[in-house]
Amino acid sequence: MTRSQFATAVMAPEKWVENAARLLNRKFRYTREESVWLGLVRELNLEVGLPLSRAAEVADEALGSVREEGDVVVGQSEGSSAAIVIDMSRFRSSHGAALSAALTLGGARRRGRRRVQARRKTAALDKASRYGVDLDLLREGLKLTVAERMQRADENAQFVRAMRTRK
Amino acid sequence: MSFATILSGLRENDVKFVVVGGLAGTAHGSRRVTDDVDICYETSSANTERLAATLSKWNAYPRGIEPDLPFFMDARQFRATPIMTLTTREGFIDVLDVVKGVGGYTDCHRRSTEVEAFDLRFRVLDLPALIDAKRATGRPKDIDQLPELEALLALRPA
């Protein structure tokens, strides 16, 4: 994963990931396992209000627990009168969805100068043509109604899906 | 399994949404092939409940991760992860609470246009907003589509 994908999987801004790495004295390789761990650390830090170092200990305890699903009781006080209950199934569910979005959508835009926007119609058409866009094909497509274009797109998508599932 | 069944399912369940992403581009004349439906949904609890119920009925599951992990498709899930990329029995669907470069549902709705397809009427992001979204995302595949979308904007009758 890239750093921004990793941050998406952790459900945190990139800056938070950077700061957490520094405070926890860890060097992340942006792996999936690390995203599970740091995601749980963030949840415990943000939602339960544990300091980062304590959240890291509790996350280690929770993920090292025999139970990988359902409620996991961690961080018990010395007298066992207080503890933290983590709904691991719910956490895995959220993390899975965040990881999927990170892998599918990618991360945020990179820094750098934005491309100059074509200001005039002819400039936009020239640019597209130079880029390899077939303008005649576009003009032909625009002769169709929206419904016809959508119908065609649906048929193309079904073809793509069929090809993908074909063994 | 088709765009038609996804869109009609959302409409039948009274989900408030705007189509964004590749399918919106198709509506405006893009030739790019897309195989998912991207929507920006209204984030009220009632609408989120309806969307979650619809997706649950379709056995939605995060796309690209191994099967059989715990996954709850309910309104609580939307609070934890408001952006999801899902595979369902009706096809791929990406649900977003905010579209980069455009904003949330209200902004998307304001910058959308109503279209008719698959015997349905629904809203799709308008072309200038779609260009803003693609540019803001900054992913290579979105940047790659900008010349085509800008050409479509230029070809549009004034």
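None of these values were measured; they are calculated from a predicted model.

### Things to note about the overall build of chain B
Phase 1: Within chain B one finds eight helices and nine strands.
Phase 2: With respect to the three principal axes, the spread of C-alpha positions in chain B is 50 × 30 × 25 Å.
Phase 3: For chain B, with 158 residues in total, the buried portion stands at 52%.
Phase 4: Within chain B, counting contacts between residues at least 6 apart in sequence, those at least 24 apart form 62% of the total.

### So, the nonpolar core
Phase 1: With 81 residues, the main nonpolar core has Val 18, Val 19, Val 20, Ile 39, Cys 40 and Leu 125 of chain B as its most contacted residues.
Phase 2: Per element, the largest residue contribution to this core is seven residues, and it comes from helix α5 (residues 88–105) of chain A.

### What about the packing of helix α6 (residues 127–137) of chain B against helix α8 (residues 146–155) of chain B?
Pairs of packed helices are described in terms of their axes, by the angle between the two and the distance that separates them.
Residues and elements named next belong to chain B.
Phase 1: As a packed pair, α6 and α8 sit with axes 10 Å apart at the nearest point and diverge in direction by 160 degrees. Put simply, α6 runs roughly antiparallel to α8. Seen along the crossing, α6 lies across α8 with a hand that is left-handed. Packed against α6, whose contacting residues are Leu 127, Pro 128, Leu 130, Ile 131, Lys 134 and Arg 135, the element α8 presents Leu 146, Leu 149, Glu 150, Leu 152 and Leu 153 at the interface.
Phase 2: Partitioned by chemical class, the residues of the contact of α6 with α8 number eight nonpolar, no polar and three charged.

### As for the domain arrangement of chain A
Phase 1: Partitioning chain A into domains gives domain 1 (3–105) and domain 2 (121–165).
Phase 2: The gap between the C-alpha centroids of domain 1 of chain A and domain 2 of chain A is 43 Å.

### Looking at the interface of chain A and chain B
Phase 1: The interface of chain A with chain B comprises 45 residues on the first partner and 42 residues on the second.
Phase 2: Sorting elements by how many residues they give to the side of chain A that touches chain B places α5 of chain A first, with 14 residues.
Phase 3: Looking at the side of chain A that touches chain B residue by residue, the classes come out as 23 nonpolar, 11 polar and 11 charged.

### Remarks on helix α3 (residues 32–48) of chain A
Residue and element names in this part refer to chain A.
Phase 1: Its 17 residues place the ends of α3 23 Å apart at the C-alpha level, agreeing with the 24 Å of an ideal helix rising 1.5 Å per residue.
Phase 2: Among the residues making up α3, those that are buried are Ser 35, Leu 38, Gly 39, Leu 40, Val 41, Glu 43, Leu 44 and Asn 45.
Phase 3: Check the buried side of α3 and you find it contacts α1 (3–10), α2 (14–23), α4 (52–63) and α5.

Rules used throughout
- Residues numbered from 1 in each chain as written.
- Chains lettered and ligands numbered in written order.
- Predicted model: local features only at pLDDT ≥ 70, side-chain atom pairs only at ≥ 80, totals over all residues.
- Helix = DSSP H or I, 4+ residues; strand = E, 2+ residues; numbered from the N terminus.
- Buried ≥ 20, exposed ≤ 12 C-beta atoms within 10 Å, placed from the backbone.
- Contact = placed C-beta atoms within 7 Å.
- Core = buried A, V, L, I, M, F, W, Y, C linked by C-beta atoms within 7 Å.
- Axes fitted to C-alpha atoms, helices over the stretch in contact; angles between N-to-C directions.
- Parallel < 35°, antiparallel > 145°, perpendicular 65-115°, else oblique.
- Left-handed = near helix turned anticlockwise from the far one by under 90°.
- Nonpolar A, V, L, I, M, F, W, Y, C, P; charged D, E, K, R; others polar.
- Domains from an automatic or database assignment.
- Expected span 1.5 Å × (residues − 1).

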